[in-house]
Amino acid sequence: MSQPHSFDLTGRTAFVSGTSRGLGERFALTLAKAGADLIISSRTLASLKDMEKQVTDLGRKCLSVELDVRSMDSITAAVATAKSQVEKIDILVNNAGCNVRKPATEITWDDWNLVVDTNLRGTFFVAQQVAKEFMIPAGYGRIINIGSVTCVAGYAGLAPYGASRGGVKQMTMSLAHDWGKDGITVNVLAPGWFKTSQNRVMYEDAGWVEYLTERIPLGRPGAMDDLEGPLLFLAAEESRYVTGQLLLVDGGISVGATRALPKK
Ligand SMILES: NC(=O)c1ccc[n+]([C@@H]2O[C@H](COP(=O)([O-])OP(=O)(O)OC[C@H]3O[C@@H](n4cnc5c(N)ncnc54)[C@H](OP(=O)(O)O)[C@@H]3O)[C@@H](O)[C@H]2O)c1
């Protein structure tokens, strides 16, 4: 008889990038509550102190590493530090990311590089190093690349961000092929619109929130709790036969128009 589904992560070790605030902080705590030991990261180690205490207060081990995903040296150093201190990384959540919101005509070369280098190139090279150093030799891994509703939909003012997220979706499908035979699944968890520092200004605009809410079939913007179950599913043993997939957690905003067509 098969085991009951538990999404229990006891004995697993998870590496989450960008855990100093926002979704990354919540992802890390969710995995720790489910039993995983953690490696947390930020460009500034000092910003992880509180988070580290929250994880260890839950009875889990926690290693903080400095990581700038725009630097290959920083990625290899972070993975080397992890290698010197932990035996394995079973779960990787590639969460570090940024955005520049501007009309397409005002996007600069540097804006483009910042967003695409962080969200797409950074996601790839962190996955590459963790897979190479930990998951492939172990024959096991769960890689969860954070995407967005922009993986599948276009929004004005988000050209570099949309390009990076579309790239994450396509890259994830390739990596699922690359590493499937190594026991590694690679999927995208794609949140809709959540209130974090990255899009605080949008939530300060009541008109925009009303516009957004009207277009979400489930009738409200995302709450942090909404991401926990989908994250645990992709992180757990139970998702063993799911790879290369995009899991949108967006209240349905990506499905298209929500207003009924006029009669006749
Ligand atoms: N909020 C949403 O509604 C939403 C929706 C879809 C997707 N997302 C994606 O989800 C992720 C988290 O978003 P959020 O809203 O929580 O954003 P946030 O509050 O701005 O946090 C971003 C995190 O990424 C880290 N980061 C940024 N640039 C980095 C770099 N070069 N190297 C390493 N870490 C870096 C930051 O860490 P430090 O500054 O401490 O280094 C921070 O912990 C992002 O990838 C975002 O694009 C968010």
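Criteria and cut-off values
Residues numbered from 1 in each chain as written. Predicted model: local features only at pLDDT ≥ 70, side-chain atom pairs only at ≥ 80, totals over all residues. Heavy atoms only, no water. UniProt positions renumbered as here; feature names shortened; annotations may be inferred. Helix = DSSP H or I, 4+ residues; strand = E, 2+ residues; numbered from the N terminus. Rg over C-alpha atoms; globule rule 2.2 N^0.38 Å. Buried < 20%, exposed > 50% of the residue type's maximum accessible area, 1.4 Å probe, protein only. Contact = heavy atoms within 4.5 Å. Areas by Shrake-Rupley, 256 points an atom, 1.4 Å probe, with all protein chains shown as cover. Lys, Arg positive; Asp, Glu negative; His and termini not counted. Charge placed at Lys NZ, Arg CZ, Asp CG, Glu CD. Polar contact = N/O pair within 3.5 Å; in protein donor to acceptor, adjacent residues only side chain to side chain. Phe/Tyr/Trp six-rings, centres within 6.5 Å; stacked < 30°, edge-to-face > 60°. Lys NZ or Arg CZ within 6 Å of the ring centre and 35° of its normal. Salt bridge = Lys/Arg side-chain N within 4 Å of Asp/Glu carboxyl O. Arc of directions from axis to C-beta. Core = buried A, V, L, I, M, F, W, Y, C linked by side-chain atoms within 4.5 Å. Pairing = 2+ DSSP bridges. Right-handed = clockwise from strand over helix to strand, strands pointing away.

In the annotation of an unreviewed UniProt entry, the entry for the protein chain reads Gluconate 5-dehydrogenase, and the organism field reads Prosthecobacter dejongeii. Heading Sequence similarities (unreviewed entry) of the UniProt record for the protein chain holds this comment: "Belongs to the short-chain dehydrogenases/reductases (SDR) family."

(A) The overall build of the protein chain, seen in detail. On a plain count of helices and strands, the protein chain comes out with eight helices and seven strands. Taken against the 2.2 N^0.38 rule, which gives 18 Å for 264 residues, the C-alpha radius of gyration of the protein chain at 18 Å falls within 12% of a compact globule. The principal-axis extent of the C-alpha atoms belonging to the protein chain is close to 65 × 50 × 35 Å. The proportion of buried residues among the 264 residues of the protein chain is 46%. Within the protein chain, residue pairs in contact and separated by at least 24 positions form 71% of the contacts whose partners lie at least 6 positions apart. Taken as a whole, the protein chain presents about 13300 Å² of accessible surface, with 54% of it coming from carbon and sulfur. Computed over 28 positive and 28 negative side-chain charges, the separation of the two mean positions in the protein chain equals 4 Å.

(B) Examining the side chain of Asp 90 more closely. As for its placement among the helices and strands, Asp 90 is situated in the loop between α3 (72–85) and β4 (91–94). A relative accessible area of 6% means that Asp 90 is categorised as buried. For Asp 90, the side chain forms a polar contact with the main-chain nitrogen of Thr 13, separated by 2.7 Å. Not counting chain neighbours up to four residues away, the residues in contact with Asp 90 comprise Gly 11, Arg 12, Thr 13, Met 135, Tyr 140, Gly 141 and Arg 142.

(C) Just the packing of aromatic side chains, in detail. A full pass over the atoms with the stated rule returns five aromatic pairs. A ring pair is formed by Phe 7 and Phe 233, whose centres lie 6.1 Å apart and whose planes are at 65 degrees; its orientation type is edge-to-face. Separated by 226 residues along the polypeptide, Phe 7 in the segment before β1 (13–16) and Phe 233 in helix α8 (residues 228–235) bring together distant segments of the chain. With 5.6 Å between their ring centres and 85 degrees between their planes, Trp 193 and Trp 208 make a pair best called edge-to-face. With a gap of 15 residues between them, Trp 193 in the loop between β6 (184–191) and α6 (200–203) and Trp 208 in helix α7 (residues 206–214) connect regions that are remote in the sequence. On the accessibility criterion, Trp 193 (11% relative accessible area) is buried. Taking relative accessible area as the criterion, Trp 208 reaches 22% and is therefore assigned partly exposed. Ring-pair connections join several aromatic residues into one group, and the members of that group are Tyr 155, Trp 193, Tyr 203 and Trp 208. The ring centre of Phe 134 lies 5.7 Å from the NZ or CZ of Lys 83, which sits over that ring. Taking the ring centre of Tyr 211 as reference, the NZ or CZ of Arg 215 above it sits at 3.6 Å.

(D) Up close: the pattern of salt bridges. Under the defined criterion, the tally for this structure stands at 14 salt bridges. In this structure, the salt-bridge partner of Arg 200 is Glu 204, at a minimum N-O distance of 3.3 Å. According to the relative accessible area criterion, Arg 200 is partly exposed, its value standing at 45%. The network of salt bridges with shared partners includes Arg 12, Lys 88 and Asp 90.

(E) Summary view of α8. Regarding α8, the residues found buried are Leu 231, Leu 232, Leu 234 and Ala 235. An end-on view of α8 places all buried positions within 165 degrees of arc, on one side of the element. Close packing links the buried residues of α8 with α1 (22–33), β4, β5 (141–146), β6 and β7 (246–249).

(F) Geometry of the nonpolar core. Membership of the largest hydrophobic core comes to 30 residues, with the highest contact counts inside it found for Leu 9, Phe 27, Leu 31, Leu 38, Val 93, Ile 144 and Leu 189. For this core, the elements supplying multiple residues, two or more each, are β1, α1, β2 (37–42), α2 (49–57), β4, β5 and α8. Counting residues per element, this core draws most heavily on α1, at six residues. If near-sequence neighbours (up to four positions away) are discounted, Leu 9 is found in contact with Leu 31, Ala 34, Gly 35, Ala 36, Ile 91, Leu 232, Ala 235 and Ala 236.

(G) Just the pairing of β1, in detail. Here β1 shows a buried face lined by Thr 13 and Phe 15 and a second buried face lined by Ala 14 and Val 16. Sheet analysis places β1 next to β2, joined by four bridges and oriented parallel. By the bridge assignment for β2, Ala 14 is matched with Leu 38. The β-α-β motif built from β1, the intervening α1 and the parallel element β2 has right-handed crossover chirality. Of the strand pairs in this sheet, β1 and β4 are connected by three bridges, and their pairing is parallel. Counted as the bridge partner of Val 16 is Val 93 from β4.

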